[in-house]
Amino acid sequence: MRVELLNKRSRDGKAVEKTSQTSEPRHHRISKDEYYMALAQTVSLRSTCIRRQYGAIIVSSGDHILSTGYNGAARNEPHCLNVGCERERLNVPKGERYELCVSVHAEANAIIQAARGGVSINGATLYVNGTPCKMCWRLIKNAGIDEVVFVDDNPESGDFSNVMRVRAQDATLVQMHPVKREEC
């Protein structure tokens, strides 16, 4: 499908988009996992971290989006986009000294947003465009999330295209490699 911008303007003066079919037939429909991962990537665009943008969405077993979250400053705290990153100011290496950071991880924010809205996420699937850290895995397990679909972004592997699906209760925290996330 192709989107064309018309010279015509709407009543409020904004450009109008027109969608038109191309002559090539469409032979592929993205999977639900690809769809939800693309949504998680889009949610990450709201991140206020200047180091890395993460997005997460929680989906029910009936394929309803229950909650979203991105990494960013805690409620009513100044955003790193506005005031800068304390860890960068102190030249703290990536993946270290998180206690200096005002950011809440995307997975935690998605879980918190569901709780604030009174939405049960028990038995749901969480999609995130990065590898959850141990702290987030603990939250995921205790929240009752069944599965986690994530991008294995372990910097040591150098491969950021490996999408993993893990049953949350099968994740063993003691054997997990430490994830060095690049977020504030």
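Residues numbered from 1 in each chain as written. Predicted model: local features only at pLDDT ≥ 70, side-chain atom pairs only at ≥ 80, totals over all residues. Heavy atoms only, no water.

**Some points on the overall build of the chain**
So, step 1. Secondary structure summary: the chain contains five helices and nine strands in total.
So, step 2. Mapped in sequence order, the helices and strands of the chain form the string β-β-α-β-β-β-α-α-β-α-β-α-β-β.
So, step 3. The buried share among the 184 residues of the chain stands at 36%.
So, step 4. Long-range contacts, defined as pairs at least 24 residues apart, comprise 54% of the intrachain contacts of the chain with a sequence gap of at least 6.
So, step 5. Accessible surface for the chain amounts to roughly 11,400 Å². Of this, 49% is attributable to carbon and sulfur atoms. (Helix = DSSP H or I, 4+ residues; strand = E, 2+ residues; numbered from the N terminus. Buried < 20%, exposed > 50% of the residue type's maximum accessible area, 1.4 Å probe, protein only. Contact = heavy atoms within 4.5 Å. Areas by Shrake-Rupley, 256 points an atom, 1.4 Å probe, with all protein chains shown as cover.)

**Regarding the packing of aromatic side chains**
So, step 1. Under the definition given, this model contains three aromatic pairs.
So, step 2. Considering the side-chain rings of Y36 and Y127, the 5.1 Å spacing of their centres and the 45 degrees angle between planes classify their relative orientation as tilted. Here Y36, found in helix 1 (residues 32–43), pairs with Y127, found in strand 7 (residues 125–128); they are 91 residues apart in sequence, far enough to count as distant.
So, step 3. Take Y127: its relative accessible area is 4%, and that puts it in the buried class.
So, step 4. Seen in terms of ring centroids, W137 and F150 are 6.0 Å apart; in terms of plane orientation they differ by 85 degrees. Their pairing is edge-to-face. Placement of W137 in helix 5 (residues 134–143) and of F150 in strand 8 (residues 147–151) is noted, with a sequence separation of 13 residues between them. Like W137, the residue F150 is buried in the burial classification.
So, step 5. Cluster of aromatic residues (ring-pair linked, three or more members): Y35, Y36 and Y127.
So, step 6. One Lys or Arg, R52, reaches over the ring of Y54 and ends 4.4 Å from the middle of that ring. (Phe/Tyr/Trp six-rings, centres within 6.5 Å; stacked < 30°, edge-to-face > 60°. Lys NZ or Arg CZ within 6 Å of the ring centre and 35° of its normal.)

**Considerations on a nonpolar patch on the surface**
So, step 1. A cluster of nonpolar residues, I30, Y35 and I65, forms a patch on the protein surface that exposes about 280 Å² of accessible area.
So, step 2. Among the secondary structure elements, Y35 is positioned in helix 1. (Patch = residues over 30% accessible without salt bridge, like charges linked within 9 Å, V, L, I, M, F, W, Y side chains within 5 Å. Salt bridge = Lys/Arg side-chain N within 4 Å of Asp/Glu carboxyl O.)

**Overview of the environment of C133**
So, step 1. Take C133: it is sitting in the loop between strand 7 and helix 5.
So, step 2. Through-space distance from the C-alpha of C133 to that of H105 is 9.0 Å; in sequence the pair is 28 residues apart.

**Comments concerning the layout of surface pockets**
So, step 1. Of the pockets and cavities examined, the largest pocket occupies roughly 260 Å³.
So, step 2. For the largest pocket, the full set of lining residues is T68, G69, Y70, G72, A73, A74, R75, H79, V104, N109, I112 and Q113.
So, step 3. Considering only residue class, the lining of the largest pocket consists of five nonpolar, six polar and one charged. (1 Å grid on protein atoms, 1.4 Å probe; cavity = no way out; pocket = protein on both sides within 12 Å on 5 of 7 lines; lining within 4 Å. Points joined across faces, edges and corners; volume = space filled by probe spheres on them. Nonpolar A, V, L, I, M, F, W, Y, C, P; charged D, E, K, R; others polar.)

**Quick notes on the pairing of strand 3 (residues 55–59)**
So, step 1. In terms of burial, strand 3 is largely enclosed, as five of its five residues are buried.
So, step 2. Pairing geometry for strand 3 and strand 4 (residues 65–70), over five bridges, is antiparallel. Across the sheet, V59 pairs through a bridge with I65, a residue of strand 4.
So, step 3. In terms of strand pairing, strand 3 meets strand 7 through four bridges, oriented antiparallel. Looking at the pairing, A56 lines up with V128 of strand 7. (Pairing = 2+ DSSP bridges.)

**Examining the confidence of the model for the chain**
So, step 1. On average, residues of the chain score 80 in pLDDT, and 76% of them reach the 70 mark or higher.
So, step 2. Contacts from residues 1–10, a stretch scored under 50 in pLDDT, to residues over four places away or in other chains number 26 contacts.
So, step 3. Predicted confidence is poor over residues 180–184, with pLDDT under 50, and the contacts of this stretch with residues over four places away or in other chains come to 35 contacts. (pLDDT = per-residue confidence, 0-100.)

**Points about the environment of G62**
So, step 1. When you line up the elements, G62 lands in the loop between strand 3 and strand 4.
So, step 2. Counting along the chain gives 62 residues from G62 to A124, while the straight-line C-alpha distance between them is 8.8 Å.

**So, the pattern of salt bridges**
So, step 1. Scanning all chains against the criterion turns up seven salt bridges.
So, step 2. D63 is paired through a salt bridge with K32; the nearest N and O atoms lie 2.4 Å apart. With a gap of 31 residues between them, D63 in the loop between strand 3 and strand 4 and K32 in helix 1 connect regions that are remote in the sequence.
So, step 3. In this structure, the salt-bridge partner of R89 is E86, at a minimum N-O distance of 3.1 Å. Linking R89 with E86, this pair stays in helix 3 (residues 86–89), spanning three residues, or about one helical turn.
So, step 4. In this structure, a network of salt bridges that share partners links the residues D33, E147 and R165.

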